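Reading the structure
Read off the chains here:
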Amino acid sequence: MVRAGSMPPVPLRCRASPERTNLAGVQHILLVLSGKGGVGKSTLSTELALALRNAGKRVGILDVDLCGPSIPRMLRVQDSAVHQCDSGWVPVFVGQDKAIALMSIGFLLERPDDAVVWRGPKKNALIKQFVTDVAWGDLDFLIVDTPPGTSDEHISTVEALRPHQLLGAILVTTPQAVSVGDVRRELTFCRKAGLQILGIVENMSGFVCPHCSVSSPDLTVQPGGCCGLFLVECTNIFSKGGGEELAKHAGVPFLGCVPLDPQLSQSLEEGRDFIQEFPKSSAFPALTHIAQQILDTSQRSS
């Protein structure tokens, strides 16, 4: 079992040899980015992984948000531990089918409330070690959940992943202008780093009251509309349309908007599989639509 402590490097016997990389079996790598904190990158990473698994794909999540590792709790594996094998660190597998593999610094902390008080070089070294020393095996997708910003950790992540099957980046924003402005800077970072932008997701895009929404078989889903849902009422708490407008202005795809959904929040708090358990939820069609677009992009790139 590995714990953080002083975080010594993995012994040489556990490092992958130069001829073999632990990412060799990964078909597509996705970065989830945003210049703004609190916009839902970890939520989108988690739900995208669950949606891809529900589509029959083998998925991994690399959580490089070192100061705020929340995905272990979202997947209800926060009490798990990381072990070592001859190829490096063995990720934690989620669910009975073990179709999602997860690596996070959250598994390496002595106590859940421990803070990671590290300077840049130490954080960058751990990110590079996560990329090279985790034995992922064969995956269709590896989703990389990143911290907010455009600084050291992002540069280290992109540089470490560049030699591998990097499909591109998904940018997450909320509708209001403050968030959109920060994500505009993230667009600039992606272009300077040579990252393909797969699209922008507008999260927290309206609140759907569960007592006011209805569905009708006579209506069709409009994913680019207000949450892509059949609504009687959608309250735009944080304004609306900022992410879609940014995508149009930047000339990149708009993947859709995800509403504030009490059932989605509940599933994340309780570590439940939202995609399987809440198919009638207001956020479900938006999230599955985003996942389908990622699948389509990966098929075109293969």
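Reference entry: report on the structure contained in this document. Remember, it's a predicted structure, so these values are computed and weren't measured experimentally. (Residues numbered from 1 in each chain as written. Predicted model: local features only at pLDDT ≥ 70, side-chain atom pairs only at ≥ 80, totals over all residues. Heavy atoms only, no water.)

Thoughts on helix α4 (residues 152-161)
Quick reminder of the rule: Only protein chains enter the area calculation, which uses a 1.4 Å probe; residues under 20% of their type maximum are buried, those over 50% are exposed, and those in between are partly exposed. In this text, helices come from DSSP runs of H or I with a minimum length of four residues, and strands from runs of E with a minimum of two, each type numbered from the N-terminal end. Residue contacts are defined here by distance: any two heavy atoms, one from each residue, within 4.5 Å place the two residues in contact.
Where burial is concerned, most of α4 is hidden: seven out of the ten residues are buried. What α4 keeps buried is the set Glu153, His154, Ser156, Thr157, Val158, Ala160 and Leu161. Of the surrounding elements, those touching the buried residues of α4 are β1 (26-33), α3 (120-133), β7 (139-145), β8 (166-173) and α5 (177-193).

Section: the packing of helix α1 (residues 41-54) against helix α7 (residues 262-270)
The cut-off we apply is this: Helix axes use the C-alpha atoms of the stretch in contact, all axes being lines fitted to C-alpha atoms, and the angles between their N-to-C directions lie in the range 0 to 180 degrees. What sets the label is the angle itself: under 35 degrees gives roughly parallel, over 145 gives roughly antiparallel, 65 to 115 gives roughly perpendicular, and the rest give oblique.
Between α1 and α7, the shortest axis-to-axis distance is 12 Å and the interhelical angle comes to 85 degrees. Judged by the inter-axis angle, α1 sits roughly perpendicular to α7. Residues Thr43, Thr46 and Glu47 of α1 pack against Leu264, Ser267 and Leu268 of α7.

Remarks on the environment of Ala160
Structurally, the position occupied by Ala160 is in helix α4. Owing to a relative accessible area of 15%, Ala160 belongs among the buried residues under this scheme. Remark: the alpha-carbon pair of Ala160 and Asn124, spanning 36 residues in sequence, is separated by 9.9 Å. Excluding anything up to four places from it in sequence, Ala160 contacts Lys128 and Val131.

Notes on the pattern of salt bridges
So the rule is basically this: Note on definitions: salt bridges are taken to be side-chain nitrogens of Lys or Arg within 4 Å of carboxyl oxygens of Asp or Glu.
For the structure on display, the rule yields ten salt bridges. For Arg58, the salt bridge identified is with Asp140, shortest N-O distance 3.4 Å. Here Arg58, found in the loop between α1 and β2 (59-63), pairs with Asp140, found in strand β7; they are 82 residues apart in sequence, far enough to count as distant. In this structure Asp140 comes out as buried when scored by relative accessible area, which is 16%. Its salt-bridge partner being Arg272, residue Glu270 comes within 2.9 Å of it at the nearest N-O pair. A relative accessible area of 37% means that Glu270 is categorised as partly exposed. Given the relative accessible area of 26%, Arg272 is considered partly exposed. Beyond isolated ion pairs, a larger network of salt bridges with shared partners links Lys36, Asp182 and Arg185.

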